[in-house]
Amino acid sequence: MSHTVTGQTPGQPAGPDHKRGIFGRIWLFIRQVVGELKKVVAPSRRELVNFVLVVLAFVAFMMVLISLLDLGFGQVAIWLFGNGDQAQ
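Residues numbered from 1 in each chain as written. Predicted model: local features only at pLDDT ≥ 70, side-chain atom pairs only at ≥ 80, totals over all residues. Heavy atoms only, no water.

Trainee: Outline the overall build of the protein chain, listing residues and values.
Mentor: Check the secondary structure of the protein chain and you find 2 helices and 0 strands. Each of the 88 residues in the protein chain was classed as buried or not, and the buried ones make up 1%. (Helix = DSSP H or I, 4+ residues; strand = E, 2+ residues; numbered from the N terminus. Buried < 20%, exposed > 50% of the residue type's maximum accessible area, 1.4 Å probe, protein only.)

Trainee: Account for the pattern of salt bridges, naming residues and giving values.
Mentor: Any two side chains of opposite charge can pair if their charged atoms end up close together. Taken as a whole and assessed by the stated rule, the structure comprises 1 salt bridge. In this structure, K39 engages E36 in a salt bridge whose closest nitrogen and oxygen atoms are separated by 3.2 Å. (Salt bridge = Lys/Arg side-chain N within 4 Å of Asp/Glu carboxyl O.)

Trainee: Quick rundown of a nonpolar patch on the surface? Include the residues and the values.
Mentor: A cluster of nonpolar side chains, namely I22, F23, I26, W27, F29, I30, V33, V34, L37 and V40, defines an oily patch on the protein surface of about 1,000 Å² accessible area. You can see I30 is positioned in helix α1 (residues 22-37). (Patch = residues over 30% accessible without salt bridge, like charges linked within 9 Å, V, L, I, M, F, W, Y side chains within 5 Å. Areas by Shrake-Rupley, 256 points an atom, 1.4 Å probe, with all protein chains shown as cover.)

Encoded structure:
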């Protein structure tokens, strides 16, 4: 079951209910960014190699797919409109 504190809006930092100035908001943002970066876990070497191989395989697959589609659409365009070598 969820516990909520009366008067506190979800997603807002707990604390005094005063408006922050521009520099206070910037400082709060920087503190939150640093807090989130502390939670980041770097992948191990094995995971990193695995991720790189997956990305390279996906990019190669997409290159082949798009090349085949481009070739196919080009052939369809030539079939529909001709190749432009007819004399006028």
